[in-house]
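A closer look at the structure
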Amino acid sequence: MKLPPRQDSLKWSAYPEDVLPLWVADMDFPVAEPIRRAIQARAEGFLGYPPREGDKELKALLLERTGLQGEVAFMPGVVVGLYAAVAAFTAPGHGVLTQVPVYPPFLSAIREQGRTLLANPLKETEAGYRLDLGGLERLAYASRLLLFCHPQNPTGRVFTEEELSALAQVARKHDLVVVSDELHAPLTYERPHIPLARFLPERTITLLGPGKAYNLAGLPMGAAVGPKPLVEALKRHLPHTFPNVLAMAAWKAALLEGEGWLREVLGMLRQNRDRLAAWAQEMGLFHVPPEGTYLAWLRMPFPKAASRLLEEARVALNPGENFGKGYDRYVRLNFATYPEVLEEALSRMAQALKKG
């Protein structure tokens, strides 16, 4: 079993060697061979400044593959787009809406720029996590911007056409700009991902990137797609940098030749997801198997759950409290690893749970 060298991987180097790291969201698998070839070919060629607007063929491919329409702006990662959106569409003191629990940079983009977090918790039901549209409607009066995550991180929820259509109605009624992080869009299982912009094209900026689906987090790159006036407003708050030529080459190769690799990886991820779900049921834990992403959201029977599991099981997970207030009994687990690693981690955590 070949694992990433610890010195080259944030995931594998952040903790002592006796700790199994199932936290930061990248995969332990090597990248697709077509991507590797494309990076090598570009590295052997021109590495000077590219055009500021980036690769036009890649822009066209993104629109073709996603079905999105409008302006495309490249940026050095999706998180940069979240911060730029808060700066572009709100002012200090203004409220910004988002669903919690949510990927921590959503929260930091709001708080660090002096805005007010308007947190609308997802409904936690035995059938899964659901949008609280009533809560969203009540909070929408105090905001102009909604930061949305779909597929949802950390719950793995892939929202339905009905939910997206209802969300669009609320946003249109209250004149909200919606910035939809759809970074995990290619990573879905039973239900395919549908862009929110299909239901709200005139008010949605969609954020995309190759980092999660094609394991390219070390070549950070993202794109914002949406109506030209909104994308131009966003661009005024993006760093004035040139697109990364290696990242563009890798992303283009992923779209053109990476489908077979992704299909194989999704098969492995599905098996890990199902094994984890069975384990959670055996342990009596509340867990809804994710419909997308390679991230699992688990409720533990004790507070400060991630800290305790790190200490007692030597397994590193993301602390639930980082995803919103009141989630310190939860952990986020990254199951994009080899089955042997996952099995060892589950065994360690089972022993710690039984002791506790």
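Not measured: the values here are computed from a predicted model.

This part covers the domain arrangement of the protein. Split into domains, the protein comes out as domain 1 (6-32 + 258-355) and domain 2 (33-254). With 33 residues of domain 1 at the contact, the number on the domain 2 side is 38 residues. Here domain 1 and domain 2 share an interface that buries about 3,100 Å² over both sides, 56% of which is from carbon and sulfur atoms. Across the domain 1-domain 2 interface, the total number found is four salt bridges. Here Arg 191 and Glu 291 are joined by a salt bridge, their closest N and O atoms 3.1 Å apart. Along the contact surface separating domain 1 from domain 2 lie 21 residue pairs in polar contact (both at pLDDT 80 or more). The element best represented in the side of domain 1 that touches domain 2 is helix α10 (residues 259-282), accounting for seven residues. When its residues are assigned to classes, the side of domain 1 that touches domain 2 shows 21 nonpolar, five polar and seven charged.

In this section: the packing of aromatic side chains. Taken as a whole and assessed by the stated rule, the structure comprises eleven aromatic pairs. Here the aromatic rings of Tyr 49 and Phe 242 are separated by 4.6 Å at their centres, their planes lie at 35 degrees, and the arrangement is tilted. Within this pair, whereas Tyr 49 is found in the loop between α2 (33-43) and α3 (56-66), its partner Phe 242 is found in the loop between α8 (228-235) and α9 (245-257), the two being separated by 193 residues in sequence. Residue classification places Phe 242 among the partly exposed positions, given a relative accessible area of 29%. An aromatic cluster is built from Trp 297, Phe 323, Tyr 327 and Tyr 330, whose rings are joined through pairwise contacts. One Lys or Arg, Arg 52, reaches over the ring of Phe 242 and ends 4.1 Å from the middle of that ring. For Arg 273, the ring lying beneath its charged end belongs to Tyr 189, and the centroid distance is 4.7 Å.

Right, let's get into the environment of His 237. Tracing the backbone shows His 237 in the loop between α8 and α9. The class for His 237 is partly exposed, based on a relative accessible area of 40%. Remark: the alpha-carbon pair of His 237 and Asp 55, spanning 182 residues in sequence, is separated by 21 Å.

About the thresholds
- Residues numbered from 1 in each chain as written.
- Predicted model: local features only at pLDDT ≥ 70, side-chain atom pairs only at ≥ 80, totals over all residues.
- Heavy atoms only, no water.
- Domains from an automatic or database assignment.
- Contact = heavy atoms within 4.5 Å.
- Buried area = accessible area lost by both parts, 1.4 Å probe.
- Salt bridge = Lys/Arg side-chain N within 4 Å of Asp/Glu carboxyl O.
- Polar contact = N/O pair within 3.5 Å; in protein donor to acceptor, adjacent residues only side chain to side chain.
- Helix = DSSP H or I, 4+ residues; strand = E, 2+ residues; numbered from the N terminus.
- Nonpolar A, V, L, I, M, F, W, Y, C, P; charged D, E, K, R; others polar.
- Phe/Tyr/Trp six-rings, centres within 6.5 Å; stacked < 30°, edge-to-face > 60°.
- Buried < 20%, exposed > 50% of the residue type's maximum accessible area, 1.4 Å probe, protein only.
- Lys NZ or Arg CZ within 6 Å of the ring centre and 35° of its normal.

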